[in-house]
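This is what each chain is made of:
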Amino acid sequence: MSFTVPRNAPSFNNPQRVVEDHIWGSTAVARGPNSKNGSGGGILGTGLFENRNALPMYKDKPYAYPPSHRRRPLWRRKRTFGFGLIVISLLYYFGAFQKHHETATSSWGWLTSSSESGKSKDWLHRRQRVVEAFELSFDAYSRYAWGYDEFHPMSKKGRQMTPKGMGWIIVDSLDTMILMNLTSRVTHAREWISNSLTYDQSQDVSTFETTIRMLGGLLSAHYLSNEYPTLAPLSDDDEGAPGEDLYLEKARDLADRLVVAFDSPSGVPYASVNIGEYKALPAHDAGGASSTAEATTLQLEFKYLAKLTGEKDFWNKAEKVMEVVDNNAPKGGLVPIYINPKTGEFHGSNIRLGSRGDSYYEYLIKQYLQTNKQESLYLEMWDETLQGVRDHLVTYTEPSKFTIIGERQSGLDNLLTPKMDHLVCFMPGTIALAVTGGLTEAEAKKRGPWTKKNEADMQLARELMHTCWGMYKYMATGLAAEITYFNIADPPLPESAPHQAPADFDPDPEAEWRKDFDVHAADVHNLQRPETVESLFYMWRITGEVKYREWGWEMFKSFMNYTAVPDGGGFTSLSDANKIPPVTRDNMESFWLAETLKYFYLLFSPNDLLPLDKIVLNTEAHPFPRFDMGPILSTGWQRKPKTVDTTAA
């Protein structure tokens, strides 16, 4: 578990960074108006705690918020005037205040200079633009909503999800700050975690969301601060010093509360937990069933915690879920999106790789990689799943033959719905990761064996990546819709059908390729989601094809142009990304900081920063090390023999 520091880590001594960190860390801007108790200028949402059924946001279904008319005190406005000038200058630099009829590309004309053309592009320079975007977002949160779980950048408000807050944004973004070497911000966050974060509060929270964001965020901060001590170094991180194990101590406390979710008759975790009462609760819909993705996207976190603490119970309970799911003998390895904690049986027959199904598949291959490829049964399950995706869900659009993954909403024997959530765009990168194990494609071929299946899987990854990029190119702002539908043949073409999509996306509004895409009015919102840039990051690292970096840069420019908030508000999600100017949503999800900007940062970084053959990233982009199981931890179950599926298309 000991790795060398990357050769190309962020600059520790950049004069601009030093000055900025000093100013930021020593002013009230950093601490907010209520620094004594660690809470910021946000307000508590009214009526939240009267409804004890209200849970933290499910990653697929964020809340909508009313506009605000709150004004800051005059002294506060004056105090931040200088900082506001910096913000405005950066936004102008990024083209955010250009006339909205201009496209994102045209508002970035300065990028066509010789220093940004051809092979001379400075990717570290582009990476620094990502750091600046993160700083704008996080500093806006710090000024207006410090210590609050939610941030609404346009109305400049915060809101809690629990009586005392969960650190939803602070903890989720912590490892991004560490990777970016933002020392003063990490210090501020760590101070809040040490002095203000408590889980001793009676509140129902989502088992899944709290695990991937909060537990995952604390564990990754522990990992990075120990394995990369020169990234955002802190004085109390020295061995034996007070607070050395702060992140791990908080993670253990939280995990002790969350682990009660697994105490169901089947071992499948309940959807939520009252963290103060150590009490598990079933979901409030779907007959109490848990989302399959929720139940099976806890394993990386609890297994890593078991490795760190030696507490095998964390491992056993997380692992048991996989056995229960697999004992249902899912056809083609494809699982319905609900599972009953009482019986351990699937609930309903809706099969999709979008919401409530997605990360089950992601964690199959990542569990295999996490334990240094020692648990071959998870590789077997992944291989079955990918074949099932080919047999039942992959088809091609009309007339241009883009490759898509559809849904079987009434089971595998019924109609294919040509619908892709943006969430499905995790698949290209995950497929590529599974093929090479994190090595580059060239290195994997050199080490061998390189099979026809490997080649076919990489081709599928490339084709799906192209389709996901098309989901961005289709929209007026260059930012993808939450859901995209496609035109397909009737009956749908099988995965084996000949197909060849156009290599480029003609910008002509009447271009032929646009006939393949269909975005419904209810799905035009963009929530700053990370899945496409996540896959671009994996595809760049694994294939070395620079186009994936270029696509990411174009995507980043669109975010800067169309989601920037005036008056130092950072960036916001959109209610309509297919209009210019776009309709804003007044909400910044924590995954904007934890995932989207982190993946942009890694996409533009040298490959030795978080090498993919040494780490795994959880579904919230929190990095964990790969490790050997050792004498205490082991795979405690075996797969039952499966009947051969003879009905594959």
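For clarity, every value in this text was computed on a predicted model and none was experimentally measured.

### Things to note about the overall build of the protein
The number of helices and strands found in the protein is 20 helices and 18 strands. The 649 residues of the protein split such that 62% are buried. Put simply, of all contacts in the protein between residues at least 6 apart along the chain, 77% involve residues at least 24 apart. Here the protein has roughly 24100 Å² of accessible surface; of this, 52% comes from carbon and sulfur atoms.

### Re the sheet that holds strand S4 (residues 272-274)
Spatial strand order, S3-S4-S5: three strands in an open sheet with antiparallel pairing. The sheet is open, and its two borders are formed by strand S3 (204-206) and strand S5 (279-281), each paired with just one other strand. Neighbouring strand axes in the sheet, compared pairwise and without regard to direction, differ in orientation by 30° on average. Note: S3 against S4, three bridges, orientation antiparallel. Bridge pairing in S4 links Ser206 to Ser272. Strands S3 and S4 of the sheet are contacted by helix H8 (residues 207-227), whose axis makes an angle of about 65° with S3.

### Considerations on the pattern of salt bridges
Applying the stated criterion across every chain yields a total of 36 salt bridges. The residue Arg252 makes a salt bridge to Glu311 at a minimum N-O spacing of 3.9 Å. You can see Arg252 sitting in helix H9 (residues 246-258) and its partner Glu311 sitting in the loop between helix H11 (299-309) and helix H12 (312-327), a full 59 residues away along the chain. Glu311 gets classed as partly exposed once you look at its relative accessible area, which sits at 33%. A salt bridge links Glu441 to Arg462; the shortest N-O distance between them is 2.8 Å. Taken together, the residues span a long stretch of sequence, with Glu441 in helix H16 (residues 441-447) and Arg462 in helix H17 (residues 452-473) at a distance of 21 residues. Assigned by exposure class, Glu441 and Arg462 land together as buried. A single salt-bridge network, built from bridges that share partners, covers Asp383, Arg390, Lys453, Asp457 and Glu495.

### Looking at the state of the cysteines
Counting across every chain of the model gives one disulfide. Shown here is the disulfide that connects Cys425 with Cys468, its sulfur atoms set 2.1 Å apart. Because the sign of the S-S torsion sets the handedness, a value of about -100° for the bond joining Cys425 and Cys468 places this disulfide among the left-handed ones. Placement of Cys425 in the loop between strand S10 (419-421) and helix H15 (427-436) and of Cys468 in helix H17 is noted, with a sequence separation of 43 residues between them. Owing to a relative accessible area of 0%, Cys425 belongs among the buried residues under this scheme.

### Remarks on the pairing of strand S11 (residues 483-486)
Moving residue by residue along a regular strand, the side chains alternate between the two faces of the sheet. The alternating pattern of S11 places Ile483 and Tyr485 on one face and Thr484 and Phe486 on the opposite face, and all of these are buried. The pairing of S10 with S11 spans three bridges and is antiparallel. From the neighbouring strand, Asp421 faces S11, where its bridge partner is Ile483. Here S11 runs beside strand S12 (residues 517-518); their pairing, made up of two bridges, is antiparallel. In the strand pairing of S12, Phe486 is matched with Phe517.

### Focus: the sheet that holds S10
Overall, antiparallel pairing links the three strands, which are arranged S10-S11-S12 in an open sheet. Each edge of the sheet is formed by a strand with only one pairing partner; in this case those strands are S10 and S12.

Rules and cut-offs
- Residues numbered from 1 in each chain as written.
- Predicted model: local features only at pLDDT ≥ 70, side-chain atom pairs only at ≥ 80, totals over all residues.
- Heavy atoms only, no water.
- Helix = DSSP H or I, 4+ residues; strand = E, 2+ residues; numbered from the N terminus.
- Buried < 20%, exposed > 50% of the residue type's maximum accessible area, 1.4 Å probe, protein only.
- Contact = heavy atoms within 4.5 Å.
- Areas by Shrake-Rupley, 256 points an atom, 1.4 Å probe, with all protein chains shown as cover.
- Pairing = 2+ DSSP bridges.
- Axes fitted to C-alpha atoms, helices over the stretch in contact; angles between N-to-C directions.
- Salt bridge = Lys/Arg side-chain N within 4 Å of Asp/Glu carboxyl O.
- Disulfide = S-S within 2.5 Å.

Distances and angles like these do not, on their own, reveal function.
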